[in-house]
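Reading the structure
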Amino acid sequence: MESASISVSERRISTPSAWSQVLGFNVIWAVALSIGGYALGHWLGSKIGINSAPQTETDQDDVAILMGLGFAVLGWMIGLGFFNYPLARIAGRPATLREREEHGAWRYFRLCTDHKVVAIQYLVAVLFFFFVAGLNAMFIRSELTSANATLIPAGNYLTLVGLHGTMMLMMMSAGVLGPLGNYLVPLMIGSRRMAFPRIESLTMWLTVLAGFVLLSATLLGGFPTGWTGYAPLADQAAAGIDSYIVSFALIGISLALVGVNMIATVMTLRAPGMHWNRLPIFVWGMVTTSILAVLAAPVLLAALIMVVFDRTVETSFFITSSGGSPFLWDELFWFFGHPEVYILALPGFGIVLEILPVFARKPLWGYRLAVAGMFGVALMSFMVWQHHLFMSGINSDLRPFYMFTTELISIPTGIIFLNGMGTLWKARIRFTVPMLFALAFFFNFLIGGLSGVFLSDVTSDVVTHGSYFVMAHFHYTIMGGLVFALMGGIYFWLPKITGFNLNETLGKVHFWAMFIFFNLTFFPLFAAGMLGMPRRVDSYNAELHTLNVFVSVSAFCLGLSMLVFLINLVWSVMFRRERAEANPWQSKSLEWQLPSPVPVYNFERIPTITSHPYGYGTPEAPAVADFGPHVIAGEGGLA
Amino acid sequence: MRALAVAATFGVLVALVVVYFIFFLESGPAAIAATRGSDGSADLTLQTVPSYGHHPFPDWVSYMAKDPQGKWEHTTIFKVPAHTLIKVTIYQYDGDSGLRNAFLSGVSGTTGDIETINGTVEHGINANDAAHTFTIPDIDVNVPLPGINPNAKNPCGTAPCSLAEAHNTITFSFRSPGPGSYRWQCFVPCAAGFLFGNGGPMQTIGYMSGLIEVS
Ligand code: HEM
Ligand SMILES: [Cu+2]
Ligand SMILES: [Cu+2]
């Protein structure tokens, strides 16, 4: 553990000269070297694969493309300077900590080991790709305003759906862990950093690269598989699937590393007195999510590597006629895929349970139960994956088992609901913007969860499988759940992160528009699904036309509501710049006892934790921490 | 001032993303209209080529279509009027690769359930001789196209092929349905080099599949 006695002035916090910043390792070099790397790798690959049947007959040299993408990743990492430190160590230089901790705008464009900078980089990146994927959703809904394929040439619709789904899931997997996890976990546990600061930065830059690599599918003929990459379609598909494979693999690596970093941080860097039962519930959400990420993401990576081999060196993992099985992909993918959907749920639980006590002014109800619930969800999420394969010809004797485990998982999930409701019980609620989002989370997730029961039931899944019912279900859990929670989290913590207040009125406009149009968009789609509208098809039965036009119009309004958020964000942070108080919500949690924005070194002295942070409503509740002789902010928050 | 610059850069970036996506989504082969026949019918003249010969996929097998000016275009999207007799002529320049499902070697959905091959009326062909099919599943049209003689001296090189090169001429007609967009495709797994012959051109509109847009 870092010693509390290192004084701030001894730490190297530098502002390098402008020239050394432009010429040093940064994202400009990364872009240049990754493009150069692609060219080099492609050339090498085309030499290696020369005269192979695929290369001469198919005009699609996957060896070259995949080598190109691989070298692009290397170039990206070299350009950002990720090899400097390992090479220096190999050359015998001494170990250092956080060598890139500095001031100035340039630190946002390079490898930075300040966890707060990485978190902000993450936030901007995730929001950017979220915008791209959201734009794709608007295009999807535009096409679906007509019962026939009209707007978009038929061959591009599938790629569009694949880009939307894959991008959303890739970015949202990192959407809370990346920005909020990296920013808040060290502050909440009383640490000055994450356990592995360079790896932390690596995960963020790999996520950015993954986003662009996925978009490169548009230059390589697109991909027809949606986000699930099913075999043997993935084995036969156009070269765009290579982009899907590499980008998802990058996210897999990034997620696993984020998980390791998060778990190591919470295990080793807690301040004195931060016992496990004083850990904020948000941190528990991050820990359980990380456990899933560490265990599930490598399986995805392995499966993707198998597809790469099938496509390049003519193995036959997924090819029946040569002894493989496409079913193997289904198993491996969903063994990752189901935990993945809880990677998209647990962070939301963490955020809302953290927000509720602050605005209910009551302690979190059933803290230990909530932790148990999160672990229950995490553990059980590895035992249900075959519910995605009920209709795919699995051994029918296995169906009742997976139906049972799936329905069982609603018990720990239900516990989280009880924690929420128990906290709200008889509370005098302050309906701030973050609180509204947190409350909406429960409403939406309830509908998502209840519709999930129909999908886990084998007999009703026969009807709903592969339809818009599924589509509506997972948008209720992911968008209605995670994205609403994330929005709540952003409104809640952004004053701390940026030091500026977001506009409350615009926030409320955003919330109500998003909440109403979200439900108007996705609720009717349950009906569309029950009436037989299939997923991933650009045309549908003419009888469903009116319903779809209605859905599309409200989807556009939903899109506009996100613009309100964007305008609020840009205007409040860049133009209005109204200084936020250190603790505007009167929270007791540790991060709010620091000034806004948080200084580079976080804590002048590592505090000693004296209580859990949920002592609301009792005036005699103990202070959460002892900050030593120099209390930094602390106005009002500690009482 | 700096904030304004950042916001403006941001706005430009967003606009670029939007434009790029519209550009990408709208890319694809253009539709061509059938020509009006003298008897009120609509005529489609197509050819199948063993390899397209041009960027981006010179080795891919492909369909081509003749536009009303008589020029060969690389597209598989055809506009035809509703409830009309459509007369189709296909010049088939490719060798056989055989049907996996022999059922598709029989003609269906055409006028009289027949096709003519080099002038001879047929109800179907030997499944192993099939080079491609022209199939519109929604209206049950299925026409198998036999491959050229493997020993022919002058096989076609690159598209568009000319009538001087080895080919089979297939004709048939069918009635177009009501307005709508109907998918058509080839059912012979003819994508050489791809897994099961089903990748690449078989999955790509403009090569072995397309749309009949009826209005
Ligand atoms: C404005 C909000 C959104 C709208 C209007 C929207 C719309 C759609 C539609 C219509 C589809 C189905 C297309 C089809 O199957 O033909 C779809 C698929 C999907 N969406 Fe969204 N979506 C939105 C936001 C999100 C968010 C926030 C996420 C996740 C974070 C998400 C994840 C997905 C996924 C994973 C798929 C499945 C893709 C596939 O089939 O492979 N969407 N979306
Ligand atoms: Cu699942
Ligand atoms: Cu064909």
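Computed from a prediction, not measured in an experiment: that's the story for all the values here.

1. Concerning the site of ligand 1
Residues and elements named next belong to chain A. Inspection of the region around ligand 1 gives 27 residues, with Y157, H164, W227, H475 and R536 positioned closest. Note that an oxygen atom of ligand 1 is positioned 3.2 Å from one of the side-chain N or O atoms of Y468. A distance of 2.7 Å separates a nitrogen atom of ligand 1 from a polar side-chain atom of H475. In terms of residue class, the shell around ligand 1 is made up of 20 nonpolar, four polar and three charged.

2. Topic: the coordination of the copper ion (ligand 3)
All names here are of chain B. Protein coordination of the copper ion (ligand 3) is provided by H132 (ND1), C186 (SG), C190 (SG) and M208 (SD), with donor distances spanning 2.2 to 2.4 Å. All donors to the copper ion (ligand 3) come from one chain, and their sequence spacing reads H-x53-C-x3-C-x17-M. Remark: M208 occurs in the loop between β13 (180–185) and β14 (209–214) and H132 occurs in strand β10 (residues 130–136); sequence separation between them is 76 residues.

3. Things to note about the coordination of the iron atom of ligand 1
All names here are of chain A. Around the iron atom of ligand 1, the donor atoms from the protein are H164 (NE2) and H475 (NE2), and they sit 2.0 Å away. Taken together, the six donor atoms coordinating the iron atom of ligand 1 span angles of 85 to 178° at the metal, a pattern that classifies the geometry as octahedral. A residue pair is termed long-range when its members are at least 10 positions apart, and H164 in helix α7 (residues 154–173) and H475 in helix α20 (residues 468–498) qualify at 311 residues. Like H164, the residue H475 is buried in the burial classification.

4. Focus: a nonpolar patch on the surface
Residue and element names in this part refer to chain A. A surface patch of nonpolar side chains, amounting to about 690 Å² of accessible area, comprises W19, V22, L23, W29, L33, L74 and I78. Elements represented by at least two residues in the nonpolar patch include exactly α1 (18–23), α2 (27–48) and α4 (62–80). Per element, the largest residue contribution to the nonpolar patch is three residues, and it comes from α1. Within the secondary structure, V22 is located in helix α1. With relative accessibility at 33%, the residue V22 sits in the partly exposed group.

5. Some thoughts on the packing of aromatic side chains
Residues and elements named next belong to chain A. Tallied over the full model, the rule gives 63 aromatic pairs over all chains. With a centroid separation of 5.5 Å and an interplanar angle of 65°, the aromatic rings of F443 and F515 are classed as edge-to-face. Here the residue F443 occupies a position in helix α18 (residues 433–456), and F515 occupies one in helix α21 (residues 504–530), the gap between them amounting to 72 residues. When the ring of F511 is compared with that of F515, the centres are 5.7 Å apart and the planes differ by 10°; the resulting orientation is stacked. Here F511 and its partner F515 are both found in helix α21, four residues apart, which amounts to about one turn of the helix. For the pair F511 and F515, a shared accessibility class is recorded, and that class is buried. Lying across the ring of Y85, R198 places its NZ or CZ 3.5 Å from the centre.

6. Observations regarding the nonpolar core
Of all hydrophobic cores here, the largest spans 205 residues; its most connected members are Y244(A), F248(A), I281(A), F282(A) and W493(A). For this core, the leading source of residues is α20(A), giving 20 residues. Aside from chain neighbours lying at most four places away, what touches F248(A) is T166(A), M170(A), W227(A), L300(A), L304(A), F333(A) and F336(A). One finds F78(B), V80(B), Y93(B) and C156(B) within the second-largest nonpolar core, a separate group that totals 50 residues.

7. Quick look at the domain arrangement of chain A
All names here are of chain A. By the assigned domains, chain A splits into domain 1 (22–90) and domain 2 (114–626). For domain 1 and domain 2, the distance between their C-alpha centres works out to 30 Å. Summed over both partners, the interface of domain 1 with domain 2 buries about 1,600 Å², with 78% contributed by carbon and sulfur atoms. By the criterion of area lost to domain 2, the three top residues of domain 1 are L66, W76 and F82, representing 34% of everything that side buries. The interface formed by domain 1 and domain 2 holds one salt bridge in total. Linking domain 1 with domain 2 are three residue pairs in polar contact (both at pLDDT 80 or more), by the criterion used here.

8. Brief notes about the environment of L250(A)
Residue and element names in this part refer to chain A. Note on placement: L250 falls in helix α11 (residues 240–268). The exposure class of L250 is buried, given its relative accessible area of 5%. Separated by 47 residues in the primary sequence, L250 and T203 have C-alpha atoms spaced 8.9 Å apart. Apart from residues no more than four positions distant in its own chain, L250 is found in contact with V73, L206, L209, A210 and V213.

9. Overview of the interface of chain B and chain A
With 33 residues of chain B at the contact, the number on the chain A side is 38 residues. Both faces combined, the contact of chain B with chain A buries some 2,900 Å², and carbon together with sulfur accounts for 69% of it. Where chain B packs against chain A, one counts zero salt bridges. Where chain B meets chain A, there are seven residue pairs in polar contact (both at pLDDT 80 or more). Elements that contribute at least two residues to the side of chain B that touches chain A include exactly α1 (2–26) and β13 of chain B. When residues of the side of chain B that touches chain A are assigned to their parent elements, the largest contribution, 14 residues, is made by α1(B). Taken together, the residues of the side of chain B that touches chain A break down into 22 nonpolar, eight polar and three charged.

10. Things to note about the environment of D129(B)
All names here are of chain B. Of note, D129 is situated in the loop between β9 (120–122) and β10. Residue D129 is classed as partly exposed on the basis of its relative accessible area, which comes to 34%. Along the primary structure D129 and D96 are separated by 33 residues, whereas in three dimensions their C-alpha atoms are 5.3 Å apart. The contacts of D129, once residues within four sequence positions are left out, are D96, L145, P146 and G147.

11. Considerations on the pattern of salt bridges
All names here are of chain A. In total, this model carries seven salt bridges over all chains according to the counting rule given. In this structure, R311 and D242 form a salt bridge, with 3.0 Å as the shortest nitrogen-oxygen distance. Remark: D242 occurs in helix α11 and R311 occurs in helix α12 (residues 281–312); sequence separation between them is 69 residues. For D242, a relative accessible area of 0% puts it in the buried group. For R576, the salt bridge goes to E578, with nearest N and O atoms at 3.0 Å.

12. Focus on unusual backbone geometry
Looking along the chain, the bond that leaves S596(A) and enters P597(A) is cis, with omega of -15°. Structurally, P597(A) is set in the loop between α22 (545–576) and β1 (608–609). Located in the positive-phi region is N602(A), a residue other than glycine, with phi close to 60°. Take N602(A): it is sitting in the loop between α22 and β1. When its relative accessible area of 0% is taken as the criterion, N602(A) is described as buried. Although it is not a glycine, H83(B) adopts a positive phi angle of roughly 50°.

13. Focus on the packing of helix α9 (residues 197–215) of chain A against α11(A)
All names here are of chain A. Contact geometry of α9 with α11 gives a least axis separation of 8 Å together with a crossing angle of 160°. Here α9 is positioned roughly antiparallel relative to α11, judged by the angle of their axes. When the axes of α9 and α11 are compared, the crossing they make is left-handed. Contacts between α9 and α11 pair I199, E200, L202, T203, L206, T207, L209, A210, V213 and L214 from the former with S243, Y244, V246, S247, L250, I251, I253, S254, L257, V258 and N261 from the latter. Taken together, the residues of the contact of α9 with α11 sort by class into 14 nonpolar, six polar and one charged.

Calculation rules
- Residues numbered from 1 in each chain as written.
- Chains lettered and ligands numbered in written order.
- Predicted model: local features only at pLDDT ≥ 70, side-chain atom pairs only at ≥ 80, totals over all residues.
- Heavy atoms only, no water.
- Near = heavy atom within 4 Å.
- Polar contact = N/O pair within 3.5 Å; in protein donor to acceptor, adjacent residues only side chain to side chain.
- Nonpolar A, V, L, I, M, F, W, Y, C, P; charged D, E, K, R; others polar.
- Donors = N, O, S within 2.8 Å, 3.2 Å for Na, K, Ca; no water.
- Helix = DSSP H or I, 4+ residues; strand = E, 2+ residues; numbered from the N terminus.
- Tetrahedral: all angles 85-135°; square planar, octahedral: opposite > 155°, others 65-115°.
- Buried < 20%, exposed > 50% of the residue type's maximum accessible area, 1.4 Å probe, protein only.
- Patch = residues over 30% accessible without salt bridge, like charges linked within 9 Å, V, L, I, M, F, W, Y side chains within 5 Å.
- Areas by Shrake-Rupley, 256 points an atom, 1.4 Å probe, with all protein chains shown as cover.
- Salt bridge = Lys/Arg side-chain N within 4 Å of Asp/Glu carboxyl O.
- Phe/Tyr/Trp six-rings, centres within 6.5 Å; stacked < 30°, edge-to-face > 60°.
- Lys NZ or Arg CZ within 6 Å of the ring centre and 35° of its normal.
- Core = buried A, V, L, I, M, F, W, Y, C linked by side-chain atoms within 4.5 Å.
- Contact = heavy atoms within 4.5 Å.
- Domains from an automatic or database assignment.
- Buried area = accessible area lost by both parts, 1.4 Å probe.
- Axes fitted to C-alpha atoms, helices over the stretch in contact; angles between N-to-C directions.
- Parallel < 35°, antiparallel > 145°, perpendicular 65-115°, else oblique.
- Left-handed = near helix turned anticlockwise from the far one by under 90°.

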